[in-house]
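Architecture and fold: a report
As a plain string of letters, each chain reads:
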Amino acid sequence: MGLFDSTRVLAGVALIIVGSLLLLPSVAPNAGQIFTYALVLAAGLITYGTWLVGTSEGKPTV
């Protein structure tokens, strides 16, 4: 069984990518207040995506 055979892993990777893309506008010099709030959402998506990928196997997590 490969890494990308599970839908749980694919969903986790997708959340990590979307969360990472949400981080990019906030590093611009003229970033508005809305992008500061997007950091919270981005961090949550990255955290949840990482959890999905990390717990996708039947073995105990490290």
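What you see is a predicted model; the values in this text were computed from it and never measured.

Judged by side-chain polarity, Ile17, Leu21 and Leu24 come together as a nonpolar surface patch covering roughly 310 Å² of accessible area. Tracing the backbone shows Leu24 in the loop between helix 1 (7–23) and helix 2 (33–54). Using a relative accessible area of 54% as the deciding quantity, one classes Leu24 as exposed.

In this section: the packing of aromatic side chains. By convention here, two paired aromatic rings are described through the distance between centres and the angle between planes. Applying the stated criterion across every chain yields a total of one aromatic pair. The ring of Trp51 carries Arg8 above its face, with NZ or CZ at 5.1 Å from the centroid.

Here helix 2 is 22 residues long and its end C-alpha atoms lie 32 Å apart, about the 32 Å a rise of 1.5 Å per residue gives. Buried within helix 2 we find Ala38, Ala42, Leu45, Gly49 and Leu52. Elements in contact with the buried residues of helix 2: helix 1.

Thresholds, definitions, all that
- Residues numbered from 1 in each chain as written.
- Predicted model: local features only at pLDDT ≥ 70, side-chain atom pairs only at ≥ 80, totals over all residues.
- Heavy atoms only, no water.
- Patch = residues over 30% accessible without salt bridge, like charges linked within 9 Å, V, L, I, M, F, W, Y side chains within 5 Å.
- Areas by Shrake-Rupley, 256 points an atom, 1.4 Å probe, with all protein chains shown as cover.
- Salt bridge = Lys/Arg side-chain N within 4 Å of Asp/Glu carboxyl O.
- Helix = DSSP H or I, 4+ residues; strand = E, 2+ residues; numbered from the N terminus.
- Buried < 20%, exposed > 50% of the residue type's maximum accessible area, 1.4 Å probe, protein only.
- Phe/Tyr/Trp six-rings, centres within 6.5 Å; stacked < 30°, edge-to-face > 60°.
- Lys NZ or Arg CZ within 6 Å of the ring centre and 35° of its normal.
- Expected span 1.5 Å × (residues − 1).
- Contact = heavy atoms within 4.5 Å.

The values reported here are purely geometric and, on their own, carry no functional implication.
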